[in-house]
Amino acid sequence: MIASKIRQILIGKRAGSVTLKYPFEPRPSEPGYRGRVTVDTDKCVGCGGCADVCPARCILITDVSPFIRIIRRYLDRCIHCGRCEEVCAYDALHLDGEYELATTDRKDLFIEQKLFMGTCNRCGRCYIPPTPLDRLMVVGFRKDEDLDGETI
Amino acid sequence: MVQQLTTDTILGRLSESIPVIASQSPTPHRLYIEVPKDRVKEACRILFEDLQGRYTITVGTDRRPVNGKFEVLHFFSFDRDNIRMAVRVFLDPDDLTLESITPVIPGAGWAEREIQDLVGIRVIGHPDPRPLALPDGFPEGLYPLRKDYPYNYQPPLDEGKTFPFKEPPPDATVVTVGPFFPVLEEPSQWRLFVDGEIVVGCDYRGFYNHRAIEKLGDSVLTYNQIVFLAERICGICGCVHSTSYCQAVEEAAGIEVPLRARVIRSLILELERVHSHLLWLGLACHIVGFDYGFMQSWRIREPVMWLAEYLTGSRKHFSINLVGGVRRDIVPDQFDRILSVADDVDRQTNELVKAIQDDTALIARLKGVGIFTPEEVRLSGAVGPTARGSGVAIDARRDHPYAAYDLLQFEVVTHDGCDTLARTLVRIGEIFESLKMIRQCVNLLKDIPVGDLLGEIPEEIPPLKDGMHAVEAPRGEVFHYVLTGYENRPYRWRVRAPSYQNIQSVPMMFKEGTYLADVPITLGSVDPCFSCTERMEVVDQGRSQSYTLEEKDLLRLSRSKYRALKATERK
Amino acid sequence: MKEGFIRKFHSKAFGRSLWVFHTNVGACNGCDIEVLDVLTPFFDVERFGIKLVGSPRHADVLLVTGPVTRPMVEPLKRLYEAVPSPKLVVAIGACAVGGCVWFDTYNVIGGVDKVIPVDIYIPGCPPKPEAIIYGVALALGLVPKKVGPAIESHEIPMEVEDILKELTPSRPVALPVNPDGKNDNGKQDGEGA
């Protein structure tokens, strides 16, 4: 019993103080950590590939008229899986490894993008998904239930 | 020597006494047989008792849009012979009743209650037909897993309805554990019947965490989206769910996964097991009031989490799987860090285990507590360290090899103690085995040429094909069944987590003479959710008084026992 | 202005002794484990006086994880009432903030703020322990907020806008919806993508 306690003390002594200085010193995430989703709106062509693959269904697309498409990204329920980055053919979406996302207002986690575009009448989108499994056998996109912005 | 079983011998044995309507064996390791409705119980009895199969799960499917019928599948597993099989029965929508198999196989209790709740198939002769999965007051006649139920319809709940709890034995005090202010983990409610400090029985109400995952899977999300949904079933062992789901789809669709992807899957799974077991070791120490163990084992665990973040891009929910393979490669630059973390964890865990294994007070808290015999393991269908701590050597990694486990050398750690201490030692042994496998995986990766990480995927996954696959999770065997469907999504997806069987076995562990102070660690020893230990309500019926025990009181009870043991130690 | 006052008040009232009660209303455990993780040696929030307590009556802060399943709605409301004022509610993880993958299923409410008011949102699935510490530090006013809403529009040529004004009804038209929640704008074969 006593030998065991002495051993336990030695383990603690050897490990020493390991506590990190965060938040007083910045602590970068590991390389490859996914983190926050950022959108480069200049590169985005509005193809909707990300909306098709998003498991959390947080990227929703509405065509309000033949020329205007609204892409809303409800990043409050984003699960940071990085699928949108993977399928984006135009390099517009990135997960930048930022994790300090805490906020006092849920609206801060919302990205809306209004695109002036023409939609392909044939299939409703304009990109080739990476694997056949990602090619939806159904056309069109999930309906954005909150278009009036009541619950953002 | 027991006779070696094959799918043919199983089928032959069943055909002797039961008219088998149809049978199908896509591979030598899989068997589906269809039997008449009135002979299901008999068939299951033969498989369970005569052939010593292990009961896995029951699945109810609404197949009306396809063939106008309902379907029930009872799954069995023959671990020695690497065979998994299903007994299939079709039910007419006009007569939705089925004879219960729970009297023969106690472990089927929950699964049958669940199909009663969610699919609306009435199970006749069930010893405990109370509701299970749905919230209290859910309207009768609405069954969420039927195809005509929209996934997002929330019917009004009847607030007057409460859960019909079991009547306690006369003179017993009822101690309610949970669910209202759960602190640590998932909410669940246990009602313990106590006589003084001795537990004489218990009752369970869970499924506060029911998030409609299976319904989402077969109505809204597509094959590749479900991988990430599956991962979020459990926050500690998410990768096992996604791997198991991917393997089930791959089996149904006949997708071949490249070797490199399989090795990466194994590596990540073992990494997950290391962090999960260290986490459990810490929490178990915390429960018995030995916070030193909690802090030290979580300190050792932290570098494992950083390594996971480095390799996969997230600390938990690695999101590394896709149907057909994996998303990220592990490159040679990363090998050094994997090996050095493995060595560090190995050395430090070894030191810690050596230091605490002579701590007689700690051992006394674990030894002889929560006895679980091998026969009870078989009846309840318990899996994983819970079963292996009772000397039942079932391990999906060895018995039904998947990913790259056929290329790895490892031992299945078992212990004959049948108590909490045995289950602890099994988990500690598995940490070292996992570290060994991580090193082997790195060596394998060095030899395998860099190449595709995704297998060849057919243009369309054929509809109505069955696939089932299991993965050995840190807590036991995770089982996924997928029936492929139309429009790029499964028709039916069924998940059985290991705790589903293990929690059912907890009542069996409360043997005569169990002390209230031993309840938290017994519950903890199967590694379910600890939320239950957080808040208790004691209703002493004898004195018709009610008072509330909170987490710290319960821990105080638990800890004062620890101190008393320490005191005896000194004498 | 108001927010500044509340924050000042919080930091003054709570100082260096935040007592925290942690509850799970249907989470997958990922966030719960990360919350426990911040108590362990590497992060050790007890150095800020933050302590996990076993009863809501002792708590200043309520940490909520999970998307709020339907059976947990009432318990959560009661729990909120049990915490003495002034109180802070922190929603941790994608589930508690916005409902995660299951935000609209038949047994999930989808977000803690649909049941009780929330002061701090910490997104992430699960958030790193550092992110949780950052969130608490934000609540105490120790660190600045880093994120903000983004609404961006392509410039639309004037003449098109005029045409659109005539074409577009005042309220956007939602296309008819299939039971699986998808717009139904035509059929085509799988390879057409």
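Each value, and the rule that gives it
- Residues numbered from 1 in each chain as written.
- Chains lettered and ligands numbered in written order.
- Predicted model: local features only at pLDDT ≥ 70, side-chain atom pairs only at ≥ 80, totals over all residues.
- Heavy atoms only, no water.
- Axes fitted to C-alpha atoms, helices over the stretch in contact; angles between N-to-C directions.
- Helix = DSSP H or I, 4+ residues; strand = E, 2+ residues; numbered from the N terminus.
- Parallel < 35°, antiparallel > 145°, perpendicular 65-115°, else oblique.
- Left-handed = near helix turned anticlockwise from the far one by under 90°.
- Nonpolar A, V, L, I, M, F, W, Y, C, P; charged D, E, K, R; others polar.
- Buried < 20%, exposed > 50% of the residue type's maximum accessible area, 1.4 Å probe, protein only.
- Core = buried A, V, L, I, M, F, W, Y, C linked by side-chain atoms within 4.5 Å.
- Contact = heavy atoms within 4.5 Å.
- Pairing = 2+ DSSP bridges.

Once that is clear, we can look at the packing of helix α8 (residues 259–287) of chain B against helix α15 (residues 420–447) of chain B. In helix packing, the relevant descriptors are the interaxial angle and the interaxial distance, both defined with respect to the helix axes. Residues and elements named next belong to chain B. As a packed pair, α8 and α15 sit with axes 9 Å apart at the nearest point and diverge in direction by 150 degrees. As judged from the angle between their axes, α8 and α15 are roughly antiparallel. Two packed elements cross with a definite hand, and for α8 against α15 that hand is left-handed. Along the lines of polarity and charge, the residues of the contact of α8 with α15 split into 17 nonpolar, four polar and five charged.

What follows is about unusual backbone geometry. For the bond from Y22(A) to P23(A), the omega torsion is 5 degrees, close enough to zero to count as cis. By the secondary structure assignment, P23(A) is in the loop between α1 (2–15) and β1 (37–39). A cis amide bond, omega -10 degrees, links C125(C) with the succeeding residue P126(C). Although it is not a glycine, D91(A) adopts a positive phi angle of roughly 60 degrees. Counting through the fold element by element, D91(A) comes out in the loop between α3 (83–87) and β4 (93–95). Exposure remark for D91(A): the relative accessible area of 41% places this residue in the partly exposed category. Backbone geometry at C418(B) places phi at a positive 60 degrees, although glycine is not the residue there. Accessibility expressed as a relative area gives 13% for C418(B), which makes it buried.

Residues and elements named next belong to chain B. Judged by nonpolar contacts, the single largest core of 109 residues is most densely connected at I330 and I338. Of the residues forming this core, the biggest block, 16 residues, is contributed by α8. What I338 contacts, discounting residues up to four positions off in sequence, is L267, L307, L311, I330, I438 and V442. The next biggest cluster of nonpolar side chains, apart from the first, holds 82 residues, and it includes F76, V87, A108 and V383.

Residue and element names in this part refer to chain C. Spatially, β2-β1-β3-β4-β5 is the arrangement adopted by the five strands of the open sheet, whose pairing is parallel. On the outer flanks of this sheet lie β2 (51–52) and β5 (120–122), each paired with one strand and no other. Taken together, the three bridges between strand β4 (residues 88–92) and β5 define a ladder with parallel strand orientation. Across the sheet, residue A91 finds its bridge partner in β5, namely Y121.

Before going further, it helps to spend a moment on the environment of A131(C). Topologically, A131(C) is positioned in helix α5 (residues 129–139). Beyond its immediate sequence surroundings of up to four residues, A131(C) is in contact with Y99(A) and I122(C).

With that out of the way, let us pick up the sheet that holds strand β1 (residues 22–24) of chain B. Residues and elements named next belong to chain B. As summarised here, the arrangement of the five strands in space is β1-β2-β5-β4-β3, forming an open sheet in which the pairing is mixed. Every other strand in the sheet has two partners, leaving β1 and β3 (54–63) as the edge strands with one partner each. Ignoring strand direction, the axes of neighbouring strands in this sheet form an average angle of 20 degrees. Judged from the nine bridges that link them, β3 and strand β4 (residues 69–78) form a sheet pairing that is antiparallel. Paired with V59 across the two strands is L73, which belongs to β4. Along the sheet face, helix α4 (residues 109–118) touches β3 and β4 and points at about 5 degrees away from the line of β3.

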